[in-house]
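# Analysis of the macromolecular model
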Amino acid sequence: LGATLAAAELKSPLAHPLKREYLLRDFHRSARFEGVPYLTPENLMVSSLLAARVFWWIHDTVDEKAAAAWARAGLRARFTRGVALEDPAALKALAADSGLDADAVEAAWGDALWKARLKRANDDAIAAGVFGTPFFFVDGEPFWGNDRKPQIERWLAQGPF
């Protein structure tokens, strides 16, 4: 997200006091609406760089399903238990809890190959016009924001509008 915000020359909405208070409230309300647990981490804006490199390592060496499971584990850890994904020790513990070899995970996040893979993915996203999260493409049509889910569902059910 940081790379896309920078590319779009945007600040995080959390950097604006009025938006921040609203968003913090909205995160909780949205989680209740979706029926999922949520805890605002102590430090909300942190780097997920290491975890993202691990995602691409798993994606390219195991498979997409395993990478998706890692992403879900990371998001759940971050937003239900406040796990600091930027902390190498916490990330290694999450890897071990997820059934991964923690030392192999640590080697992957420091490997130039996976650094370059994440950079390429970010560059591709920026080139495609992605500037925030969540961001979806359906049939080449971009949708940005959780509030666009009803539009996506209608598009998928009935076709383009």
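That block above? That's the structure.
## A short note on the pairing of strand S2 (residues 141–144)
Alignment of strand S1 (residues 135–138) against S2, held across four bridges, turns out to be antiparallel. Its bridge partner lying in S2, Val138 is registered against Glu141. Count of turn residues in the S1/S2 antiparallel hairpin: two residues, of which Asp139 carries a positive phi of about 55°.

## A closer look at the packing of aromatic side chains
Summed over the entire model, instances satisfying the criterion amount to eight aromatic pairs. For the ring pair Phe27 and Tyr38, a centre distance of 6.2 Å and an interplane angle of 65° mean the geometry is edge-to-face. Residue Phe27 is located in helix H2 (residues 17–34), and its partner Tyr38 is located in the loop between H2 and helix H3 (49–61); the two are separated by 11 residues in the primary sequence. Arranged with centres 5.6 Å apart and planes meeting at 80°, the rings of Phe143 and Trp155 form a pair that is edge-to-face.

## A closer look at the nonpolar core
Counting residues in hydrophobic clusters, the biggest one holds 21 residues, and the most contacted among them are Val54, Trp57, Trp70 and Leu91. When residues of this core are traced back to their parent elements, those giving at least two are H3, helix H4 (64–81), helix H5 (88–97), helix H6 (102–110) and helix H7 (112–128). Here this core takes six residues from H3, the largest share from any one element.

## What to know about H4
Taking 1.5 Å per residue as the helical rise, H4 with its 18 residues ought to reach 26 Å, and the 25 Å between its terminal C-alpha atoms agrees with that figure. Among all positions in H4, only Ala67, Trp70, Ala73, Gly74, Ala77 and Arg78 are buried. Down the axis of H4, the buried set is contained in an arc of 120°. They therefore lie on one face. H4 presents Glu64, Lys65, Leu75 and Arg76 as exposed residues on the side facing more than 90 degrees away from its buried surface. For H4, the secondary structure elements touched by its buried residues are H3 and H5. One or two positions beyond H4, positive phi appears at Gly82, with a value near 75°.

## Some thoughts on the packing of H3 against H4
Relative orientation and spacing of two packed helices are given, respectively, by the angle between their axes and the distance between those axes. Viewed as axis vectors pointing N to C, H3 and H4 meet at an angle of 160°, and their least axial separation amounts to 7 Å. Judged on the interaxial angle alone, H4 and H3 are roughly antiparallel. Of the two possible hands of crossing, H3 and H4 adopt the one that is right-handed. Of the residues in H4, those in contact with Ala51, Val54, Phe55, Ile58 and His59 of H3 are Glu64, Ala66, Ala67, Ala68, Trp70 and Ala71. A class-by-class count of the residues in the contact of H3 with H4 yields nine nonpolar, one polar and one charged.

## Section: the environment of Leu94
For Leu94, the position within the fold is in helix H5. With 45 residues separating them in the primary sequence, Leu94 and Asp139 have C-alpha atoms 35 Å apart. In contact with Leu94, not counting residues within four places along its chain, are Trp70, Ala73, Gly74, Ala77, Arg81 and Leu85.

## Section: the pattern of salt bridges
Tallied over the full model, the rule gives seven salt bridges. The partner of Lys149 in a salt bridge is Glu34, with the nearest N and O atoms 2.6 Å apart. Of this pair, Lys149 sits in helix H8 (residues 149–158) while Glu34 sits in helix H2, and the two are 115 residues apart along the sequence. The class for Lys149 is partly exposed, based on a relative accessible area of 25%.

Quick notes on the rules
Residues numbered from 1 in each chain as written. Predicted model: local features only at pLDDT ≥ 70, side-chain atom pairs only at ≥ 80, totals over all residues. Heavy atoms only, no water. Pairing = 2+ DSSP bridges. Helix = DSSP H or I, 4+ residues; strand = E, 2+ residues; numbered from the N terminus. Phe/Tyr/Trp six-rings, centres within 6.5 Å; stacked < 30°, edge-to-face > 60°. Core = buried A, V, L, I, M, F, W, Y, C linked by side-chain atoms within 4.5 Å. Buried < 20%, exposed > 50% of the residue type's maximum accessible area, 1.4 Å probe, protein only. Expected span 1.5 Å × (residues − 1). Arc of directions from axis to C-beta. Contact = heavy atoms within 4.5 Å. Axes fitted to C-alpha atoms, helices over the stretch in contact; angles between N-to-C directions. Parallel < 35°, antiparallel > 145°, perpendicular 65-115°, else oblique. Left-handed = near helix turned anticlockwise from the far one by under 90°. Nonpolar A, V, L, I, M, F, W, Y, C, P; charged D, E, K, R; others polar. Salt bridge = Lys/Arg side-chain N within 4 Å of Asp/Glu carboxyl O.

Distances and angles like these do not, on their own, reveal function.
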